[in-house]
Amino acid sequence: MWGNLNSPKTGENLPTKKHQKNPQKLKPPSPSPVFSPLPSIFASPCLCSPLPRKLQAGRPARPASGIRGSEGPLRLGRAWARLAGAPKILVPWRTTLTRIGGQYGAGTESYFTLLRFLLGLNILGALFQGALTLLPLLLLGPIPGPPSQGVHQPCGPYDPLPQGLVDYPTLLINLLSGEGHLEWSPLFYGFYPAQLSGGTFRLPVAYLLSTFVSGLLCLLLILHRSVSGLKQTLLSESGALTSYSHRIFSAWDFGLRGAGPVELRRRALRYELQVELEEASERKRAEARTRAQWAGLWATRILLNLLVLAMLGAAFYGIYWAVDPNKVLQTPVLRLLVAYLPSIFISAANLLLPPVFGLITGLEGYPRSRQLQLLLLRTVFLRLASLVVLLASLWNEITCGGKPEAEACATCGYNSAERPCWETRVGQEMYKLLLFDLLTALAIPLLVQFPRKLLGTVCCGRLGRLLGTMEFQVPEEVLGLVYGQTLVWIGAFYCPLLAGLNAIKFLIIFYLKRFSLFFFCSPASRTFRASAANFFFPLVLLLGLAISAVPVLYGIFVIPPSKLCGPFRGQVTIWAAVPHAIQGLPRTARDFLFFLGTLSFAVPLMLVSSVLMVYTLTLASSYGRQVSKLKGHIKMESKSKVLLAQRIVALSGEERDL
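As the structure is a prediction and not an experimental result, all values here were calculated from the model.

Draft legend 1. Molecular detail of the overall build of the protein chain. Counting its secondary structure elements, the protein chain contains 21 helices and zero strands. Out of the 658 residues in the protein chain, the part that is buried amounts to 38%. Total accessible area on the protein chain stands at roughly 38300 Å², and carbon and sulfur atoms take up 67% of it.

Shown next, in the form of structure tokens:
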């Protein structure tokens, strides 16, 4: 059987007669780099070198086969793999995210991945809004003019266009506040007419449809992302993929080529092991606490939570006070300052309170992953509740405190004297919040991070290190993204082009954050698990989507639309345009659509959904029991192998004694 190996290339590895006579002189072959110790994975970048010639020569040659035998399917498999991997090449910023994950950890990479995901959501939303509302208006026309120029109507005059010449400061103020010529533009709700020329295309229905389709698409995509993140979180918490043996033996990608990707992968593995070690040390520290220490810790937690509630209450009161319709100022600068007063209060609370929450969370004695979740929950409550307080104050102003029989709301059903086009007013608030958020994101690197980095390079010693060391705070940055996206979900109905503006803002923020990360920030001293971030971040997005749906649905179903502007003028409610449009359909389609809204359809649908839910829960429970049984079998097998190995060692020791 060894005759085939005695070739000039392979015979040099076989023992000669001289060596056969003196077997003690045989030297073992030098170890191949492939079988080098595992720690070399983290030390040597040359992990993908081919096998040495001697090892390749020592292998028996495979019989040659034709194209039909092996090369044909192999080529087809490689071609199919290239086609399957082609969409990954089209993913934007793939190389940049890989570099960020290697240098700053998977947690920082998850922030930029979420930013890319939200950018795609806003682009899709802008396309839907433009295709269903703006494009038909431009194609069918005519472009509407102001509703009443100097004409007094029962619901008050509404003429947003300024009269005469406008100076440059006023134009700048109108651009920043969304007033003047910008108020009567496709950017806001009031510009769109109730009917287009020809009468065949129903713009109100298309306007509502664009809002619902965009929201449903965002919901489905976020659910898909959260489900995939939930799988990773469950695996990481179960311990199936978080053991050190998995990180060392199975996590390396042997397809990497070049020193750069290898170094990035080494750093990513180091950060993952660092997270594992930090969480293990936190668990050991928690297990070593006594009852007295636990009692003191819980008392400290209660006091700190009371302090957090007091700070949140103060911030919400300031936001509610900032929305005051009775401020009448003639100076343009003061008028702009008052217009931006809610945005200033919300942004100041969002900038000052999260660092305080971070200090408080560090004093509560939770593990790193739990600290991240608590900080995210408190910050997201601050940001989203600030929007809720702002909207509540606006609804209180528009609906006369919820009293339609009040004198200001008795004529039109809303406060037409203060807000003749209340939908545009809400859209302007969301527009100002979005614009102020962008200005804040631009000002922080320029006015805070750059001077701090400059002082860190100039100063020496401990002060220079303290000033120059800046870490990329992932929780605060993620909540900034969720806050900006929630603004879009609330204001997209009242400001149809807000999704497009937010896409431009996210694009600017991506390159700005990448620049500040590489030039101003250092890797985080304490990292966190990326699998938890991949699940928790979409969960916070779902919370923002649910909160934003409440005021939008309230405005659609409850508050009467403005009588002087918008596509729903003349309707009792905004939703009343849908039944009115259904009445114009053929009888069969009309009866079917009305049947979908009756109890005869809702009750069977609920019963079928309940049966499917119970079946899914039962199936998941059975799968869980089966998985637990399989885990028990694996443990028993491992224990039996350990016992067998111990028995073999004992027997071998007895034989040596004999």
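Anyway, onward from the coordinates.
Draft legend 2. Spatial organisation of the UniProt feature "transmembrane region" (unreviewed entry) in the protein chain. If you check UniProt for "transmembrane region" (unreviewed entry), the listed places come out as residues 117-139, 205-223, 302-323, 343-363, 375-395, 487-512, 533-559 and 592-620 in our numbering. Along residues 375-395 one finds 100% helix and 0% strand; the C-alpha atoms at either end are 30 Å apart. With 77% helix and 0% strand, the stretch residues 487-512 has end C-alpha atoms that lie 21 Å from each other.

Draft legend 3. Looking closely at a nonpolar patch on the surface. The grouping of Phe-212, Leu-553, Tyr-554, Phe-557, Val-558 and Trp-575 at the surface amounts to a nonpolar patch, some 510 Å² of accessible area in total. The biggest single contributor to the nonpolar patch is helix α18 (residues 530-557), with three residues. Structurally, the position occupied by Leu-553 is in helix α18. Taking relative accessible area as the criterion, Leu-553 reaches 36% and is therefore assigned partly exposed.

Draft legend 4. Inspection of the packing of helix α12 (residues 341-362) against helix α14 (residues 422-458) at higher detail. In the contact formed by α12 and α14, the axes pass within 10 Å of each other and the chain directions differ by 45°. In terms of orientation, α12 lies oblique with respect to α14. Between α12 and α14 lies a crossing of right-handed hand. Of the residues in α14, those in contact with Pro-342, Ser-343, Ile-344, Ile-346, Ser-347 and Leu-351 of α12 are Glu-429, Lys-432, Leu-433, Phe-436, Thr-440 and Ile-444. Among the residues making up the contact of α12 with α14, the classes are represented as seven nonpolar, three polar and two charged.

Draft legend 5. Region of interest: helix α6 (residues 168-177). Taken as a whole, α6 has its buried residues at Ile-173, Asn-174 and Ser-177. Burial along α6 is one-sided: seen end-on, the buried residues are contained in an arc of 100°. Immediately downstream of α6, the backbone of Gly-178 shows phi near 75°, a positive value.

Draft legend 6. The arrangement of the environment of Arg-452 in detail. With respect to the helices and strands, the residue Arg-452 is situated in helix α14. Residue class for Arg-452 comes out partly exposed when judged on its relative accessible area of 33%. Residues Arg-452 and Phe-520 lie 68 residues apart in sequence; the distance between their C-alpha atoms is 8.9 Å.

Draft legend 7. Fine view of the packing of helix α4 (residues 94-104) against helix α17 (residues 498-520). The geometry of α4 relative to α17 is characterised by a closest axis approach of 12 Å and an angle of 35° between their N-to-C directions. Both α4 and α17 take part in a crossing whose hand is left-handed. On α17, the residues that touch Thr-96, Leu-97, Arg-99, Ile-100, Gln-103 and Tyr-104 of α4 are Phe-510, Arg-514, Leu-517 and Phe-518. Across the contact of α4 with α17, the residue classes tally to six nonpolar, two polar and two charged.

Draft legend 8. Structural context of the pattern of salt bridges. Going through the model one piece at a time under the given rule, you end up with seven salt bridges. Of the charged contacts in the structure, one is a salt bridge between Lys-432 and Glu-429, with a shortest N-O distance of 3.3 Å. In this pair, Lys-432 and Glu-429 both sit in helix α14, three residues apart, roughly one turn of the helix. On the basis of relative accessible area, Lys-432 is assigned to the buried category, the value being 2%. Between Arg-587 and Asp-591 there is a salt bridge; the shortest N-O distance is 3.8 Å. You can see Arg-587 and its partner Asp-591 sitting in helix α20 (residues 587-596), four residues apart, about one turn around the helix. By sharing partners, the salt bridges in this structure join Arg-425, Glu-429 and Lys-432 into a single network.

Draft legend 9. Structural context of the packing of aromatic side chains. Inspection of the entire model under this criterion finds 28 aromatic pairs. Ring geometry for Trp-93 and Phe-510: centres 3.7 Å apart, planes at 15°, overall stacked. Of the two residues, Trp-93 is situated in the loop between α3 (67-89) and α4 and Phe-510 in helix α17; the sequence distance between them amounts to 417 residues. Accessibility expressed as a relative area gives 0% for Phe-510, which makes it buried. Between Tyr-207 and Phe-493, the ring centres sit 5.3 Å apart and the planes meet at 85°, which makes this aromatic pair edge-to-face. Remark: Phe-493 occurs in the loop between α16 (474-491) and α17 and Tyr-207 occurs in helix α7 (residues 203-238); sequence separation between them is 286 residues.

Draft legend 10. Up close: the confidence of the model for the protein chain. Across the protein chain, pLDDT averages 76, with 77% of residues at or above 70. Of all secondary-structure elements in the protein chain, the lowest mean pLDDT belongs to helix α1 (residues 17-21), at 42, while α17 reaches the highest, 91. Segment residues 1-69 is flagged for pLDDT under 50; beyond a separation of four residues in sequence, or across chains, it makes 46 contacts in the model.

Draft legend 11. Fine view of the environment of Pro-567. Topologically, Pro-567 is positioned in the loop between α18 and α19 (577-582). Separated by 359 residues in sequence, Pro-567 and Leu-208 place their C-alpha atoms 9.9 Å apart. Residues within four places of Pro-567 in sequence aside, it is in contact with Tyr-189, Tyr-192, Pro-193, Ala-194, Pro-204 and Tyr-207.

About the cut-offs
- Residues numbered from 1 in each chain as written.
- Predicted model: local features only at pLDDT ≥ 70, side-chain atom pairs only at ≥ 80, totals over all residues.
- Heavy atoms only, no water.
- Helix = DSSP H or I, 4+ residues; strand = E, 2+ residues; numbered from the N terminus.
- Buried < 20%, exposed > 50% of the residue type's maximum accessible area, 1.4 Å probe, protein only.
- Areas by Shrake-Rupley, 256 points an atom, 1.4 Å probe, with all protein chains shown as cover.
- UniProt positions renumbered as here; feature names shortened; annotations may be inferred.
- Patch = residues over 30% accessible without salt bridge, like charges linked within 9 Å, V, L, I, M, F, W, Y side chains within 5 Å.
- Salt bridge = Lys/Arg side-chain N within 4 Å of Asp/Glu carboxyl O.
- Axes fitted to C-alpha atoms, helices over the stretch in contact; angles between N-to-C directions.
- Parallel < 35°, antiparallel > 145°, perpendicular 65-115°, else oblique.
- Left-handed = near helix turned anticlockwise from the far one by under 90°.
- Contact = heavy atoms within 4.5 Å.
- Nonpolar A, V, L, I, M, F, W, Y, C, P; charged D, E, K, R; others polar.
- Arc of directions from axis to C-beta.
- Phe/Tyr/Trp six-rings, centres within 6.5 Å; stacked < 30°, edge-to-face > 60°.
- pLDDT = per-residue confidence, 0-100.

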